[in-house]
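Below, each chain spelled out in residue letters.
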Amino acid sequence: MNIEFIKALQEIYNLLDQMELRKMERDYPIIWERIHSTSCAQIGRLLAQKRHVDSEQAALACALHDCGRWVTGRQENHAPQGEELARRFLREQNLSSITQESIVQAIINHSKKEDVGSPLEELVKDADILDCYWYGDDISKKYHVARLQRALCELNIEPSKEG
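Since the model is a prediction, treat every value here as computed from it, not as a measurement. (Residues numbered from 1 in each chain as written. Predicted model: local features only at pLDDT ≥ 70, side-chain atom pairs only at ≥ 80, totals over all residues. Heavy atoms only, no water.)

Considering a nonpolar patch on the surface
Next up, step 1: Taken together, the side chains of Met 1, Ile 3 and Ile 6 make up a nonpolar region of the molecular surface, amounting to roughly 360 Å² of accessible area.
Next up, step 2: Position of Ile 6 among the secondary structure elements: in helix H1 (residues 3-21). (Patch = residues over 30% accessible without salt bridge, like charges linked within 9 Å, V, L, I, M, F, W, Y side chains within 5 Å. Areas by Shrake-Rupley, 256 points an atom, 1.4 Å probe, with all protein chains shown as cover. Salt bridge = Lys/Arg side-chain N within 4 Å of Asp/Glu carboxyl O. Helix = DSSP H or I, 4+ residues; strand = E, 2+ residues; numbered from the N terminus.)

Regarding the packing of helix H3 (residues 55-64) against helix H7 (residues 97-109)
Next up, step 1: Running from N to C, H3 and H7 point in directions that differ by 40°, and their axes come no closer than 9 Å. As judged from the angle between their axes, H3 and H7 are oblique. Handedness of the crossing formed by H3 with H7: right-handed. Here Gln 57, Leu 60, Ala 61 and Leu 64 of H3 come into contact with H7, specifically with Thr 99, Ser 102, Ile 103 and Ile 107.
Next up, step 2: When the residues that make up the contact of H3 with H7 are grouped by side-chain class, the tally is five nonpolar, three polar and no charged. (Axes fitted to C-alpha atoms, helices over the stretch in contact; angles between N-to-C directions. Parallel < 35°, antiparallel > 145°, perpendicular 65-115°, else oblique. Left-handed = near helix turned anticlockwise from the far one by under 90°. Contact = heavy atoms within 4.5 Å. Nonpolar A, V, L, I, M, F, W, Y, C, P; charged D, E, K, R; others polar.)

Some words on the nonpolar core
Next up, step 1: Ranked by size, the top nonpolar core spans 46 residues in total, and within it Ile 12, Leu 64, Trp 70, Phe 89, Leu 120 and Leu 130 carry the most contacts.
Next up, step 2: The greatest single-element share of this core, amounting to eight residues, is contributed by helix H8 (residues 119-134). (Core = buried A, V, L, I, M, F, W, Y, C linked by side-chain atoms within 4.5 Å. Buried < 20%, exposed > 50% of the residue type's maximum accessible area, 1.4 Å probe, protein only.)

Description of the environment of Arg 51
Next up, step 1: Residue placement: Arg 51 occurs in helix H2 (residues 30-51).
Next up, step 2: Judged by relative accessible area, which is 22%, Arg 51 ranks as partly exposed.
Next up, step 3: Considering only alpha carbons, one finds Arg 51 and Pro 159, 108 residues apart in sequence, at a separation of 21 Å.
Next up, step 4: Within polar-contact distance, the side chain of Arg 51 engages the side chain of Glu 154 at 2.6 Å. (Polar contact = N/O pair within 3.5 Å; in protein donor to acceptor, adjacent residues only side chain to side chain.)

The structure is reproduced here in C-alpha cells:
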C-alpha cells in the first residue's frame with residue numbers, strides 16, 4: 001500500500017468536504033467528485049502500468065483532474081479553472097517541480113479529448129472517459145467516442161451493448 005497516495009487522497013477528500021460546505025449550486029454532486037476522483041486514480045494506475053508511465057504520478061493527476069469543477073461547481077471550462085488549486089495542492093506534496101508541472105498540464109488539458117498531448121495528458125483523458133463510460137455517462141461526441149473505442153481496444157475490452 002502506498003501510504004503517501006492514501007494521505008494525498010485523504011487531503012483531496014478534505015478539500016471536497018470544504019467545497020461541500022459552500023452549499024453552492026453544482027453540475028455534479030460532491031459524492032460524484034469523490035467517486036470519480038478515486039476511480040479515475042485507479043484506472044490511471046492500470047493505464048500507467050500498461051503504458052510504462054509513472055503510476056503514482058498518473059494516479060495523482062487522475063485524482064485531481066476535475067479540481068476546477070470542485071471550485072466552480074460547473075463543468076463548463078473546468079479544466080483550466082483547476083490550475084490554481086492543483087498548483088497549491090501539489091506544492092504540499094513531495095514532488096519535483098517537473099512532476100508538478102506535468103500533472104498541472106494534464107489537468108489543464110484533460111478536456112481537450114480531440115488533441116494529442118503528453119503521455120500523462122493522454123492517460124488522464126483516457127482514464128476520465130473510461131470512468132465516465134463505466135458509470136453510464138452518455139459518450140456521444142465524435143472525438144470522445146473515438147477515444148473511448150481506442151482505450152477499450154487497448155485494454156482488450158468489448159464495448160457494452162448499452163453503451
